Amino acid sequence: MSASYAHPEVLVTTDWVAAHAQDANVRVVEVDVDTKAYDESHVPGAIAWAWNTQLCDTVIRDILPKAAFEALLTDSDIGPDTSVILYGDNNNWFAAWAFWQMKIYGHKDVRIMDGGRKKWLAEGRELETAITRPTPSAKPYQAAEHDYSLRAFLPQVQQAQKSASAVMIDVRSPQEFTGEILAPPGLPETCQRGGHIPGARNVPWGKACNDDGTFKSAEELEKVYGPEGVGKSKPVIAYCRIGERSSHTWFVLKYLLGVNNVINYDGSWTEWGNLVGAPVEQGAAKSVGQA
């Protein structure tokens, strides 16, 4: 991994996974946008978590409650000292969502396979179709209390928007940002109004990745985010539609660029775009510093 990243230890290569996926203290987990991809083929020994059923509370639209998170990790035979390696399709889009939740609940050793499923397949590496079902851990997993310093809630975002006290990074597509469309085609969670939070910058999440799915170098990432006002002094709030793409940007900013005061607003546009009376801006963003 590039030594220029602030925290290179949170990434592993496909070579590393090929060599260590079966280690006793390692658990490889695939988290895909397309929850059927794992069944077609996957890294040998990997298990799968479904983002839409296992990594969220489907009733109240929230991340996993602590007890459910503990049950998931216990069932996955993951202990507090297990090295959890996450990967998935769409350049690790939902792998980053799982990473964010694992950090909210205090898991120490969690990493992302750079390049994700795309790179593993492109390299023609070994695959298996058998579904791995680990024996649940005999000792129940105990998570830390929620670390809400990693998560922005609506009142905090409203205050930041009013006072311009944070850099708002909208990581959705330009068409979503301008209000041309409400959501990517085929995705059900949506809003009543299109547009973006006034003053937000539009930096689509995919700009952080190379064509092969790996993350761009720190120098290249600085060129992506620096011109949009992202630095290490002013707080940054990342958001998208339901918080999954913005968790990817959160990961990039916090762990690869070392922006410590960055938080993920997972209520995102599905919440803001449905609020009565909330300010909405449409069209392209103004240039940085423009009134």
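Bear in mind that the values here come from a model prediction, so they are computed numbers and not experimental data.

A. The arrangement of the nonpolar core in detail. Within the largest apolar cluster, 58 residues are counted, with the highest numbers of intra-cluster contacts made by Trp49, Leu86, Tyr225 and Phe251. Secondary-structure elements contributing two or more residues to this core are helix H3 (66–75), strand S4 (83–87), helix H4 (89–104), strand S5 (110–113), strand S6 (167–170), helix H8 (218–225) and helix H9 (244–256). With ten residues, the single largest contributor to this core is H4. Filtering out sequence-adjacent residues up to four positions away, Phe251 remains in contact with Val10, Leu11, Phe99, Ile112, Phe215 and Leu256. Counting 17 residues, the second largest nonpolar core, distinct from the first, contains Met168, Phe177, Ala200 and Trp269.

B. Just the sheet that holds strand S7 (residues 201–202), in detail. With respect to topology, four strands assemble into an open sheet ordered S7-S6-S8-S9, the strand pairing being parallel. Of all strands in the sheet, those with a lone pairing partner are S7 and strand S9 (262–265), marking the two edges. Here four bridges tie strand S8 (residues 236–239) to S9, and the two strands are oriented parallel to one another. When the sheet's bridge partners are listed, Ile237 is paired in S9 with Ile263.

C. Examining the packing of aromatic side chains more closely. In this structure the tally under the stated criterion is 15 aromatic pairs. Each ring, one from Trp97 and one from Trp100, has its centre 5.5 Å from the other, and the planes form 35°; the classification is tilted. Taken together, the residues span about one helical turn, with Trp97 and Trp100 both in helix H4 at a distance of three residues. We classify Trp97 as buried; its relative accessible area is 6%. Among the aromatic residues, those joined into a ring-pair cluster are Trp51, Trp93, Phe94, Trp97, Trp100 and Trp205.

D. Main features of the environment of Ser83. Structurally, Ser83 is set in strand S4. With relative accessibility at 5%, the residue Ser83 sits in the buried group. Ser83 sits 28 residues away from Arg111 along the chain, and the two C-alpha atoms are 7.6 Å apart. Excluding anything up to four places from it in sequence, Ser83 contacts Asn25, Val26, Arg27, Asp109 and Arg111.

E. Structural view of the environment of Gln159. Examined against the element boundaries, Gln159 turns out to sit in helix H6 (residues 154–163). Distance in space between the C-alpha atoms of Gln159 and Asn91 is 32 Å, their sequence separation being 68 residues.

F. Quick look at the sheet that holds strand S2 (residues 26–30). If you walk across this open sheet you meet the five strands as S1-S5-S4-S2-S3, and the pairing is parallel. Two strands bound the open sheet, and with one partner strand each, they are strand S1 (11–12) and strand S3 (47–48). Judged from the two bridges that link them, S1 and S5 form a sheet pairing that is parallel. Residue pairing across strands places Val12 opposite Met113, the latter belonging to S5. Packed onto the sheet, H4 meets S4 and S5 and runs at close to 175° relative to S5.

Rules used throughout
- Residues numbered from 1 in each chain as written.
- Predicted model: local features only at pLDDT ≥ 70, side-chain atom pairs only at ≥ 80, totals over all residues.
- Heavy atoms only, no water.
- Core = buried A, V, L, I, M, F, W, Y, C linked by side-chain atoms within 4.5 Å.
- Buried < 20%, exposed > 50% of the residue type's maximum accessible area, 1.4 Å probe, protein only.
- Helix = DSSP H or I, 4+ residues; strand = E, 2+ residues; numbered from the N terminus.
- Contact = heavy atoms within 4.5 Å.
- Pairing = 2+ DSSP bridges.
- Phe/Tyr/Trp six-rings, centres within 6.5 Å; stacked < 30°, edge-to-face > 60°.
- Axes fitted to C-alpha atoms, helices over the stretch in contact; angles between N-to-C directions.

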